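So you can see what is in the structure, the chains are spelled out below.
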Amino acid sequence: MACFQGTTVKELEEWLKTYGVNTEQYGTGLSKTVADLLDENQKAESVLHTEDGKALRVVQVLSLHILNRIGQILFEEEQILPDGRSRRRNVPVSEKLIGSEPWRNAVSRAIHEELGTALPLDYNVTVFDDTYRLLTEHSSSLSYPGLTTKYIFHRVNAQVTGLPEGPFSTFEERPGGQLVTRWVWRSLQDIQAEVANGTSTADKAAPDLRGRVMRDQLASWVVAISHSSVPALSSISGGSGRDPPCGHEMQELPSAYSSGAPYRLLASAWLPWSAQRHASLCAPAAPRMLMPLLSSPVHHMPLTD
């Protein structure tokens, strides 16, 4: 395993090229620059090394599912970069961990950095520790095309007082101008409808990735509901909100539902639906309502990070 230990953009470009990554498109479209990747690495927000002779980026991420009083999750919908480019996100509040930082230490930082300009001074945060889940996923990222990323994903539910009840924007000063982030509250029904109608922001942002972001968030939303300690969610999930007795955190659905490609869903999640009290994702077959969504592998991490 060869770790990157350089200190300059040129050294990083050469290291990436040596281990199979073409950086010619970096800094165009939705992608970030090699300088951005170097900065991330020097801040200990990621580690770069090799696996099976290929470059691998390792990132630990806090995914904070902030819920409102009716069980909706706060989603980062869009970023307007200082240079005017727009990046569709469709992810809950996310924050990279620094080095070996415990995920709990990143909660306050994530809320302050991501939502600070929309919060009152006396806001309060409640973290539901029993909803914590640790997931590991290899995936691609629109930020660094061609560079496989291993995400170590710390997912937990929380409530934050003082947030606006409707859509809102936050602002952050960046080199070259201001970063504007737009936020929305999303429900499971919203996500299902957008995927079914082909109108998700993922479709609009990148047609070749049709529905991937929304399928990710559907899986995330199922987890958030089924593991939530928020009382209001008990009625949504049809019961106590406790985990079903599944023996494995991750489960592969039969290939009959995936055209030969495994779909990794959280086996401990239960999906609420008006026609049935519960449907377990660890059952031998996928629930009928999920089958139309399973046209490509489900990723648990944001595609733009």
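Values in this document were obtained by computation on a predicted structure and should not be read as measured data.

1. Quick notes on the side chain of Lys-96
Working step 1: Inspection of the secondary structure puts Lys-96 in strand 4 (residues 86-96).
Working step 2: Among the residues examined, Lys-96 registers a relative accessible area of 17% and is labelled buried.
Working step 3: Separated by 3.3 Å, the side chains of Lys-96 and Glu-40 make a polar contact.
Working step 4: Ignoring any residue separated from it by four or fewer positions in sequence, one finds Lys-96 in contact with Glu-40, Glu-45, Arg-57, Val-59, Gln-60, Val-61, Glu-101, Arg-109 and Asp-305.

2. Notes on the environment of Ile-66
Working step 1: Locating Ile-66 in the fold gives a position in strand 2 (residues 54-66).
Working step 2: On a C-alpha basis, the gap between Ile-66 and Val-93 in space is 7.4 Å, while along the polypeptide they are 27 residues apart.

3. Focus on the pairing of strand 3 (residues 73-80)
Working step 1: Counting buried positions along strand 3 gives 7 out of 8 residues, so the element sits mostly inside the fold.
Working step 2: As judged from the 7 bridges shared by strand 3 and strand 8 (residues 177-186), these two strands associate in the antiparallel manner. Looking at the pairing, Glu-76 lines up with Trp-183 of strand 8.
Working step 3: In the sheet, strand 3 pairs with strand 4 via 5 bridges, with the strands oriented antiparallel. Counted as the bridge partner of Glu-76 is Val-91 from strand 4.
Working step 4: A loop of 5 residues connects strand 3 with strand 4, the two strands running antiparallel in sequence, and Gly-84 in this loop sits at a positive phi of about 95 degrees.

4. Thoughts on the packing of aromatic side chains
Working step 1: What the rule picks out here adds up to 5 aromatic pairs.
Working step 2: Relative to Tyr-144, the ring of Tyr-26 lies with its centre 5.9 Å away and its plane at 50 degrees, an arrangement referred to as tilted. With Tyr-26 in the loop between helix 1 (9-18) and helix 2 (34-42) and Tyr-144 in the loop between strand 5 (125-139) and strand 6 (148-160), this pair connects stretches of sequence that are 118 residues apart.
Working step 3: Assessed through its relative accessible area of 1%, Tyr-144 is described here as buried.
Working step 4: Through pairs of rings, three or more aromatic residues link up here, namely Phe-4, Trp-15 and Tyr-19.

5. Section: the nonpolar core
Working step 1: Core analysis: the biggest nonpolar cluster contains 22 residues, and Leu-62, Leu-64, Ile-66, Leu-74, Leu-115 and Leu-163 have the highest contact counts within it.
Working step 2: Ranked by residues supplied to this core, first place goes to helix 3 (residues 103-115) with 6 residues.
Working step 3: Beyond its immediate chain neighbours, meaning those up to four positions away, Ile-66 contacts Gln-72, Ile-73, Leu-74, Val-93, Leu-115, Ala-158, Val-160, Leu-163 and Trp-185.
Working step 4: Of all hydrophobic cores here, the second largest spans 13 residues; its members include Phe-4, Leu-16, Leu-38 and Ala-55.

6. Overview of the confidence of the model for the chain
Working step 1: Counting all residues, the mean pLDDT for the chain is 73, and 65% of those residues have values of 70 or more.
Working step 2: Counted against residues more than four places away or in other chains, residues 201-217, with its pLDDT under 50, gives 47 contacts.
Working step 3: Segment residues 219-304 is flagged for pLDDT under 50; beyond a separation of four residues in sequence, or across chains, it makes 190 contacts in the model.

7. Topic: unusual backbone geometry
Working step 1: Its identity is not glycine, yet Ala-44 carries a phi of approximately 65 degrees, on the positive side.
Working step 2: Mapped onto the fold, Ala-44 is located in the loop between helix 2 and strand 1 (47-51).
Working step 3: A positive phi angle is found at Asn-90, which is not glycine, with a value near 55 degrees.
Working step 4: Relative to the elements of secondary structure, Asn-90 occurs in strand 4.
Working step 5: Judged by its relative accessible area of 2%, Asn-90 falls in the buried class.

Parameters and conventions
Residues numbered from 1 in each chain as written. Predicted model: local features only at pLDDT ≥ 70, side-chain atom pairs only at ≥ 80, totals over all residues. Heavy atoms only, no water. Helix = DSSP H or I, 4+ residues; strand = E, 2+ residues; numbered from the N terminus. Buried < 20%, exposed > 50% of the residue type's maximum accessible area, 1.4 Å probe, protein only. Polar contact = N/O pair within 3.5 Å; in protein donor to acceptor, adjacent residues only side chain to side chain. Contact = heavy atoms within 4.5 Å. Pairing = 2+ DSSP bridges. Phe/Tyr/Trp six-rings, centres within 6.5 Å; stacked < 30°, edge-to-face > 60°. Core = buried A, V, L, I, M, F, W, Y, C linked by side-chain atoms within 4.5 Å. pLDDT = per-residue confidence, 0-100.

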